[in-house]
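Structure assessment
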Amino acid sequence: NKLGREYVIQIEGFVSERFSKNDKMPTGDIEILVDTLNVLNESLTPPFTIEDNTDGGDDLRMKYRYLDIRRDAVRSNLELRHKMTLEIRRYLDSLGFLEVETPALIGSTPEGARDFIVPSRMNPGQFYALPQSPQTLKQLLMVGGVDRYFQIVKCFRDEDLRADRQPEFTQIDCEMSFVEQDDIINTFEGMAKYLFKTVRGVELGEEPFLRLPWIEAMKRFGSDKPDMRFGMEFVELMDILKGSGGFSVFDEAEYIGGICVPGCSDYTRKQLDELTNFVKSPQIGAKGLVYAKINEDGTIKSSVDKFYSADVLKKLQDAMRANPKDLILILSGSNAMKTRKQLCELRLLMGERLGLRDHNKFALLWVVDFPMFDYDEEEQRYKAEHHPFTSIKAEDLDKFLAGQTEDIRTNTYDLVLNGSEIGGGSIRIFNPQIQSMVFDRLGLSQEEAKAKFGFFIDAFKYGAPPHGGLAFGIDRWLMVMLKEESI
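Along each chain, numbering runs from 1 in the same order as the chain's sequence is written. In keeping with the predicted nature of the model, local features appear solely for residues at pLDDT of at least 70, side-chain atom pairs appear and are counted solely at 80 or more, and the whole-chain, interface and lining totals rest on all residues. Excluding hydrogens and water, the side-chain figures rest on all heavy atoms present in the structure.

1. Points about the pattern of salt bridges
- Any carboxyl oxygen of Asp or Glu within 4 Å of a side-chain nitrogen of Lys or Arg constitutes a salt bridge here. By the definition in use, this model includes 36 salt bridges.
- Between arginine 81 and aspartate 475 there is a salt bridge whose closest N-O contact spans 2.7 Å. Taken together, the positions of arginine 81 in helix α3 (residues 72-94) and aspartate 475 in helix α15 (residues 474-481) put the pair 394 residues apart, joining distant regions of the chain.
- Any residue under 20% of the maximum accessible area for its type is buried, any over 50% is exposed, and the rest in between are partly exposed; the area is computed with a 1.4 Å probe on protein chains only. Note on arginine 81: relative accessible area 23%, which makes it partly exposed.
- The salt bridge partner of aspartate 318 is lysine 314, with a shortest N-O separation of 2.8 Å. With aspartate 318 and lysine 314 both in helix α10 (residues 310-320), this residue pair falls 4 residues apart, about one helical turn.
- By sharing partners, the salt bridges in this structure join Asp58, Arg61, Arg65, Asp68 and Arg71 into a single network. Each helix is a run of DSSP H or I of at least 4 residues and each strand a run of E of at least 2, with the numbering of both proceeding from the N terminus.

2. A short note on the side chain of lysine 193
- Counting through the fold element by element, lysine 193 comes out in helix α5 (residues 181-200).
- Each polar contact in these results corresponds to two N or O atoms within 3.5 Å; when the atoms are within protein, one needs to be able to donate a hydrogen and the other to accept it, and residues that are neighboring in sequence are counted only if both atoms are side-chain atoms. For lysine 193, the side chain forms a polar contact with the main-chain oxygen of glutamate 207, separated by 2.9 Å.
- Excluding residues within four positions of it along the chain, lysine 193 makes contact with Leu204, Gly205, Glu206, Glu207, Pro208 and Phe209. Contact between two residues is taken to exist if any of their heavy atoms lie within 4.5 Å; hydrogens are not considered.

3. Notes on the sheet that holds strand β14 (residues 364-368)
- Only strands joined by at least two bridges in the DSSP assignment are considered to pair. Reading across from one edge, β3-β6-β7-β19-β18-β17-β14-β8 is the order of the 8 strands in this open sheet, with mixed pairing throughout. In this open sheet, the two strands that pair with only one neighbour each are β3 (98-99) and β8 (210-213).
- Only the contacting stretch of a helix is used when fitting its axis, a line to C-alpha atoms as for every element, and angles between N-to-C directions run 0 to 180 degrees. Contacts between helix α4 (residues 135-143) and the sheet are confined to β6 (148-156), β7 (168-177) and β19 (467-473), with β7 contributing the most and set at about 25 degrees to the helix.

4. Section: the packing of aromatic side chains
- Planes of paired rings set the category: under 30 degrees apart is stacked, over 60 is edge-to-face and the rest tilted, where pairs are Phe, Tyr or Trp rings (Trp by its six-membered ring) whose centres lie within 6.5 Å. Taken as a whole and judged by the stated rule, the model has 19 aromatic pairs.
- An angle of 35 degrees between the planes, with centres 6.5 Å apart, marks the rings of phenylalanine 250 and tyrosine 308 as tilted. Of this pair, phenylalanine 250 sits in helix α8 (residues 248-251) while tyrosine 308 sits in the loop between β12 (300-302) and α10, placing them 58 residues apart in sequence. Both residues of the pair, phenylalanine 250 and tyrosine 308, belong to the buried class.

Written out as structure tokens, the structure is:
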């Protein structure tokens, strides 16, 4: 009569078969007839129910995380993560990889995000950085003759939080010597299939994953991590709509693109206004939305009817491959890449609304051939799209050596799962002269490059092998695998 929820007790008794069995409990066939009972620790009433379907919100559960872990739903995720790390080690060990721990207190190196810094007591006014990744360190291991390295390692990036991003995170970090891009992709595509099978019981089949060049991913989906569980690909409409109707918004645009949403021509004015407000929100940043409905009888009703003839609207329908009952949504803008990214957000929203982003379906692909440099409008300078150690594609190397910075592609590859980038990497630069040229193109003076990377460039003068690697975010991967909404 005195026991409360979450009390810690010790009992002795007789295990007996239940008269009334409960098939909803693992122990539903038995009960214990207690002889002695000892209360080891009492408990306050928990702030939320310790059940799978708890009444505790995120903030409350995070405050009392030690109670949250008692829930089977959380515990099972921890167990699955444990199993995944075991299987990763088993798979990579079978292929001759050596697990090596790298330092957690390092010198700062540019990796695309801000460093967390740690003051040095022994050297006042100087600081260590916590590693955003072990990038330079694992490349030094390749110079040191460790042909195949891996590490399940904690990394740190001082950047904004998102559902799939944490300031500290764990990655599966790997590097290989004497390899080309295909060798790495094939090795880790094999690991992905192995983990899906052993950890989740999901067979991904024998077919290789799709490989999509970055520029094609941006043109077709407006994203370097496209969700391939559904279609709704972009159609560029410049030839049809620009200069053919006197609609100044389109006539002045650098890019006009649309998506065809199946079966949504019955959207009301209120629903279309909601979509317009969505794309005009500060997070998306579009100036407006144009629509065209394909009615059941095949006629077209558009928000720009007064500007375009029936012939132009018919060309629009044909270009979009729209059928009766479909809805065409169109965005335009003065910056092609920016407008494609806005259209991507609209595509994802419509995919979600139509139930096309099925959590029980797993769509994996490699996005390859990323650009080497990305121009930062704010800082008015070029930055490395991935990092400055990425090798340039052989076909573009002459252009780079001749001084060109734009349209230089690299030997890069990101693995994308259901619209989330779960990992990626590249073949590295192993020629010290080319590495120095990349630093120069990024605006690093010889003095700065020597101060930050002198140890790195010097190491490459002692017979560095060709090498490459990649890293996977283990928790982001598990998040998608487990159909969770956040890490």
